[in-house]
Amino acid sequence: MPAREILARVRAGELDHETALDLLTGVPAAEADAVLRAALGEEFNRLFRHGWQPVELHRAIARRGDPIQGRLVAEAAAAFLAGKDPVDPDWRAQVVQIRIAEGRRPDRIALLDASLGLLAELRLLPPIEILIPPPGTPATTVHHHADKRVLDRVRALLAKAEATDFPAEAESYSAKAQELITRYRIEEVTAPAVDVVPFARRVGVDHPYENEKASLLDAVGRANSCRTVWSPELGFSTIFGFDADIDAVELLYTSLLVQANRAMTRDEPAKGRARVKAFRRSFLIAYAARIGERLRQAADREYAGHGDLLPVLRNRDLQVRAAMEKVFPRTVRARGSRVDSLEGWESGRAAADEARLR
């Protein structure tokens, strides 16, 4: 049976994966490889043209655990980029980020297996919102990221907060990081008129406890003038805000999640799988809620004495909300997660107090 017919029957549901793999191994290698490569190329082109960025697609596939499939995504992103102009700098940087070092190629059967499975997975992925113009598409706006020197100082402080075993030290470092972020926002708002507009960025949220982690990201985002939309079926949240604010949210969220995981592991009960699961979920719910409170308080204190900025900040907030509603005109407020462990709730609140940002 020709390779093209085998793939057509797979798509029609007439052949399962194992049967199709057996049939493809009996087809001449050059024919099977060419047909699979073409089919994968069509799916990659569809997804890249319809919103998927290299890092996002690589993460969506690599998290399934097959390194060969992750490598195929990286190679496809580089191939899609080749010869196209103009190219958004962020899109190009993502191709470099996921580039995989040259190594021994997998054997043909393993490659056929991974390619056939990847084809099925890619076909299930829907088009998503275009946040960065794909290669070959003229960019209509210019991104205005936070000052690299400020981000480097914030990263250094958060790294110290993650490394210390002393809650008071972690609090001090994290508080200083939040102060720098808020001061930079005030400087940006009060600077001479610069043509900046809100953007959106997708941030991957890993399992387990995706909903609770997405809640933490939302709490950090709201405290820093951003809005988030959680897409659980795709494993990412879309953050809307001004680029400098989104940069800060990503840094804070990543650091606070590290601190939360460390505190959660330290305090969780020793026995009982169900009890540990309930503890962790309740811990993260409480942690997100308390962190949100602390961050908002910290921001309010930094803005004290800058009452003249309130109209400008309000206008920026309206711009962010409008950008979100343009991309997601219909959103549904997520149901709050249920707290099944008082022990986990209290421990999460305590951990958030330890990581508080004044």
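Please read these numbers as outputs of a predicted model, since none were measured by experiment.

Caption draft 1: Broad picture of the packing of aromatic side chains. Inspection of every chain in the model, using the stated rule, returns 8 aromatic pairs. Note on Trp 52 and Phe 236: the rings are 6.2 Å apart at their centroids and 75° apart in plane angle, and the pair reads as edge-to-face. Placement of Trp 52 in the loop between α3 (29–49) and α4 (54–62) and of Phe 236 in strand β3 (residues 236–241) is noted, with a sequence separation of 184 residues between them. Exposure class is identical for Trp 52 and Phe 236. Each is buried. An aromatic cluster is defined as three or more aromatic residues linked by ring pairs; in this entry it consists of Phe 44, Phe 48, Phe 80 and Trp 91. The cationic tip of Lys 84 hangs over the ring face of Phe 80; the distance from NZ or CZ to the ring centre is 4.2 Å. The ring centre of Phe 236 lies 5.5 Å from the NZ or CZ of Arg 202, which sits over that ring.

Caption draft 2: Representation of the pattern of salt bridges. Across all of its chains, the model carries 26 salt bridges by this definition. Between Asp 152 and Arg 155 there is a salt bridge, and its shortest N-O distance comes to 3.1 Å. Of this pair, Asp 152 and Arg 155 both sit in helix α8 (residues 148–163), separated by 3 residues, roughly a single helical turn.

Caption draft 3: How the structure looks around the packing of α3 against helix α5 (residues 67–81). At a minimum axis distance of 10 Å, the contact between α3 and α5 shows a crossing angle of 70°. When the axis of α3 is compared with that of α5, the two are roughly perpendicular. The handedness of the crossing between α3 and α5 comes out as right-handed. Where α3 approaches α5, its residues Phe 44, Asn 45, Phe 48 and Arg 49 are matched on the opposing element by Leu 72, Val 73, Ala 76, Ala 77 and Phe 80. When the residues that make up the contact of α3 with α5 are grouped by side-chain class, the tally is 7 nonpolar, 1 polar and 1 charged.

Caption draft 4: Representation of the nonpolar core. One finds Phe 44, Trp 52, Leu 57 and Leu 122 to be the most contacted residues of the largest nonpolar core, which totals 43 residues. Leu 57 has contacts with Phe 44, Leu 47, Phe 48, Trp 52, Val 73, Leu 122 and Leu 125, leaving out every residue within four places of it along the chain. Core analysis: the second largest hydrophobic core is formed by 38 residues, Ala 177, Val 203, Ile 239 and Leu 252 among them.

Caption draft 5: A look at α8. The terminal C-alpha atoms of α8 lie 22 Å apart, and with 16 residues this matches the ideal 22 Å at 1.5 Å per residue to within 8%. Residues of α8 that are buried: Val 150, Leu 151, Val 154, Leu 157, Leu 158 and Ala 161. Down the axis, α8 shows its buried residues gathered within 130° of arc, on one side only. Exposed side of α8, more than 90 degrees from the buried face: Lys 148, Arg 149 and Ala 163 are the residues found there. With a side-chain oxygen positioned 2.8 Å from the backbone nitrogen of Arg 149, the residue opening α8 is Asp 147.

Caption draft 6: Highlighting unusual backbone geometry. A cis amide bond links Asp 85 with the next residue in sequence, Pro 86, at an omega value of 0°. Along the chain, Pro 86 falls in the loop between α5 and α6 (89–98). The omega angle of the peptide bond from His 207 to Pro 208 is 0°, so this bond is cis rather than trans. Note that Pro 208 resides in the loop between β1 (199–204) and α10 (210–223). Even without a glycine there, the phi angle at Tyr 209 is positive, about 60°. Tracing the sequence through the fold places Tyr 209 in the loop between β1 and α10. Look at Ser 225: it is not a glycine, yet its phi comes out positive at around 65°. Along the chain, Ser 225 falls in the loop between α10 and β2 (227–231).

Caption draft 7: Structural view of the pairing of β3. Across the 6 residues of β3, 6 count as buried, placing the element largely inside the fold. Both faces of β3 are covered, namely the face carrying Phe 236, Thr 238 and Phe 240 and the face carrying Ser 237, Ile 239 and Gly 241. Here β2 pairs with β3 via 5 bridges, running antiparallel. Across the sheet, the residue bridging to Arg 227 is Phe 240, located in β3. Connecting β2 to the next strand, β3, in antiparallel fashion are 4 residues, including Gly 235 with a positive phi near 75°.

Definitions and limits used
- Residues numbered from 1 in each chain as written.
- Predicted model: local features only at pLDDT ≥ 70, side-chain atom pairs only at ≥ 80, totals over all residues.
- Heavy atoms only, no water.
- Phe/Tyr/Trp six-rings, centres within 6.5 Å; stacked < 30°, edge-to-face > 60°.
- Helix = DSSP H or I, 4+ residues; strand = E, 2+ residues; numbered from the N terminus.
- Buried < 20%, exposed > 50% of the residue type's maximum accessible area, 1.4 Å probe, protein only.
- Lys NZ or Arg CZ within 6 Å of the ring centre and 35° of its normal.
- Salt bridge = Lys/Arg side-chain N within 4 Å of Asp/Glu carboxyl O.
- Axes fitted to C-alpha atoms, helices over the stretch in contact; angles between N-to-C directions.
- Parallel < 35°, antiparallel > 145°, perpendicular 65-115°, else oblique.
- Left-handed = near helix turned anticlockwise from the far one by under 90°.
- Contact = heavy atoms within 4.5 Å.
- Nonpolar A, V, L, I, M, F, W, Y, C, P; charged D, E, K, R; others polar.
- Core = buried A, V, L, I, M, F, W, Y, C linked by side-chain atoms within 4.5 Å.
- Expected span 1.5 Å × (residues − 1).
- Arc of directions from axis to C-beta.
- Polar contact = N/O pair within 3.5 Å; in protein donor to acceptor, adjacent residues only side chain to side chain.
- Pairing = 2+ DSSP bridges.

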